[in-house]
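An overview of the molecular structure
Spelled out, the chains give:
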Amino acid sequence: MLRITPRPSSPRTTGVSHIASLTGLRFVAAFMIVVLHSYQCFDIPDLRGVLNLGAGVNFFFVLSGFVIAHRYQALKRDEVKMYIVSRLARIYPVHLLSLLAYAAAAAAVFPFQYDLPLYKKALVLLANLSLTQAYIPTPEYYFSINAVSWSLSCELFFYIVAAFIFTRQLNIRKALGVFSAFLLISLVCYAYAHQSSLSELGTEGKFDITKVGLMVTWPLTKAHEFFLGVLLQQLHQRCLLQTKRPLLADALSLAVFTISLFSATHLMKSFELDLVSAEFVMTLVCSLGSAFLIWVFSFELSKASTTLFGNPVMVALGEASFALYMLHLPILRLYQRALPSEQPGLAWWVAYVLTCLTLAHVVHTRFEAPCRQRIIRWYQALQQSPAQHRG
């Protein structure tokens, strides 16, 4: 049904065409995380025992690698500073906003209400401001304040490594080598964590190194997901995916992704895996499922899938998905404080989701996008000033 053929040519260009359906899928991934965390507050049908909703992050990492390589694969050395500034401008304003929003909503420096010295709270805050919290494998750091921001700490690491690779003529062999190297690191860390006496989740009030901190949130063990996306982009650039039944091909990719979400959870239950083994297996399975979905949809084979995920509404939701991902927990904390002690039902959850979507759209259009543009313009002006003085 699917036939892969070499492309006639593979020009190395930056700023290549936007793939609308992948933007729409970003919203689906973000919404999975919103649903996953909703169970902390709302009494809604529980899908956690059926689907691995946390795979939304795996999808984000793979898609991020694909998109970054799609745009910056021909990065030149004199463009690296601009690249780093543009990536920081993309993530940091909303990160800072969500940090302040969570601190205000939770009325604490971080969500775990430990009686810690002020200097330790200051260190936690500093780690979050510098996006280094995921490097410290203790929950008081990697899940501190707005817990989902650990993934930004990983993303910044990925961006820096990617810049080093992109400036050295990216190709399939190099992409495969980097992906394999980081996968090997992940395997070694898994073997160590599985055999070690480290705590899985940590002890309350103590800054213990945990197995989760090494396998779930540590940048070095998550990088293979990002570089799987980079490898996919190189395959996309050099190969054509052809089929006489494009709609069926898109449906197959969606089915494979859904099955990966189901099978990851099923494997964990069937083999009674410990937490570390379960997370490792689920990451591999769901990353591969995400990769297949992204790769097939990147070819935009059928009009139906483009209409479904690439329509203006889905694209708008996808563009606001980062704000949704970063702000849904602060909003959840406000709902937890405002609502009765017993878990509210589906109607309140719908209200919560609508609040999240509305605020995410407003933040994206009125804050995130303008801040990104201003930071880039400021840096460009800063770069031009010394040149003018020299002239």
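Residues take numbers from 1 onward in each chain, read along the sequence in its written order. Confidence filtering applies because this is a predicted model: local features only for residues at pLDDT of at least 70, side-chain atom pairs given and counted only at 80 or more, and all residues used for totals across whole chains, interfaces and linings. Calculated side-chain values reflect all of the structure's heavy atoms, with hydrogen atoms and water omitted.

**Points about the packing of helix α1 (residues 20-38) against helix α14 (residues 321-338)**
What counts here: Here an axis means a line fitted to C-alpha atoms, over the contact stretch when the element is a helix, while the angle between two N-to-C directions is reported on a 0 to 180 degree scale. Numbering of helices and strands runs from the N terminus; a helix is a DSSP stretch of H or I covering at least four residues, while a strand is a stretch of E covering at least two. Convention used here: angles under 35 degrees read as roughly parallel, angles over 145 as roughly antiparallel, angles from 65 to 115 as roughly perpendicular, and any remaining angle as oblique. Contacts between residues were defined by any pair of non-hydrogen atoms, one from each residue, lying within 4.5 Å. Ten residue types, Ala, Val, Leu, Ile, Met, Phe, Trp, Tyr, Cys and Pro, are classed as nonpolar, four, Asp, Glu, Lys and Arg, as charged, and the remainder, Gly among them, as polar.
It is at 9 Å that the axes of α1 and α14 come closest, and there the two elements cross at 10 degrees. Our classification of the angle between α1 and α14 gives roughly parallel. Packed against α1, whose contacting residues are R26, F27, A30, I33, V34 and H37, the element α14 presents S321, L324, Y325, H328, L329 and L332 at the interface. Each residue belonging to the contact of α1 with α14 can be placed in one class, and the counts come to 8 nonpolar, 3 polar and 1 charged.

**With respect to the state of the cysteines**
In plain terms, the rule: Disulfide assignment relies on a single distance test, namely cysteine sulfur atoms paired within 2.5 Å.
For the coordinates displayed, the defined rule picks out 0 disulfides. Lacking any disulfide linkage, C154 is separated from the closest cysteine sulfur, that of C189, by 12 Å.

**Digging into the packing of aromatic side chains**
This is how the line gets drawn: Only the six-membered ring of Trp is used, alongside the rings of Phe and Tyr, when aromatic pairs are assigned; centres must lie within 6.5 Å, and planes under 30 degrees apart are stacked while those over 60 apart are edge-to-face, with the rest tilted. Only protein chains enter the area calculation, which uses a 1.4 Å probe; residues under 20% of their type maximum are buried, those over 50% are exposed, and those in between are partly exposed.
Counted under the stated rule, the structure contains 20 aromatic pairs. Relative to Y352, the ring of Y335 has its centre 5.5 Å away and its plane inclined at 75 degrees; by these criteria the two rings are edge-to-face. Within this pair, whereas Y335 is found in helix α14, its partner Y352 is found in helix α15 (residues 346-390), the two being separated by 17 residues in sequence. Its relative accessible area of 14% is what places Y335 among the buried residues. Every member of this aromatic cluster is reached through a ring pair, and the members are F61, Y135, W150, F157, F158, F182, F226 and F227.

**Overview of the environment of T355**
Summarising the element assignment, T355 is placed in helix α15. The class of T355 is partly exposed, set by a relative accessible area of 26%. In the structure, T355 is positioned 27 residues away from H328 in sequence and 9.0 Å away in space, judged by C-alpha atoms. Residue contacts for T355: discarding those within four places in its chain leaves I331 and Y335.

**So, the environment of A147**
Tracing the backbone through its elements, the reader meets A147 in the loop between α5 (139-142) and α6 (150-166). When sequence neighbours within four positions are dropped, the list of residues in contact with A147 reads Y142 and L329.

**Some details on α1**
Where we set the bar: The length a helix should cover is 1.5 Å for every residue beyond the first.
Across its 19 residues, α1 extends 28 Å between first and last C-alpha, which sits within 8% of the 27 Å expected from 1.5 Å per residue. Buried residues dominate α1, accounting for 16 of its 19 residues.

**Let's talk about the confidence of the model for the protein chain**
Using the following cut-off: The predictor reports its confidence for every residue as pLDDT, a score running from 0 up to 100.
Here the protein chain shows a mean pLDDT of 88. Residues at 70 or above account for 91%. With pLDDT under 50 throughout, residues 108-113 is counted as low confidence; its partners more than four residues away or in other chains account for 15 contacts.

**Brief notes about α14**
Formally: To get the bend at a residue, fit one axis to the 7 residues ending there and another to the 7 starting there, then take the angle between the axes.
In this model α14 runs 25 Å from its N-terminal to its C-terminal C-alpha over 18 residues, within 8% of the 26 Å that 1.5 Å per residue would give. At L327, α14 shows its maximal bend, which comes to roughly 40 degrees, and the proline P330 appears one to four places after that position. Most of α14 is tucked away: 14 of the 18 residues are buried.

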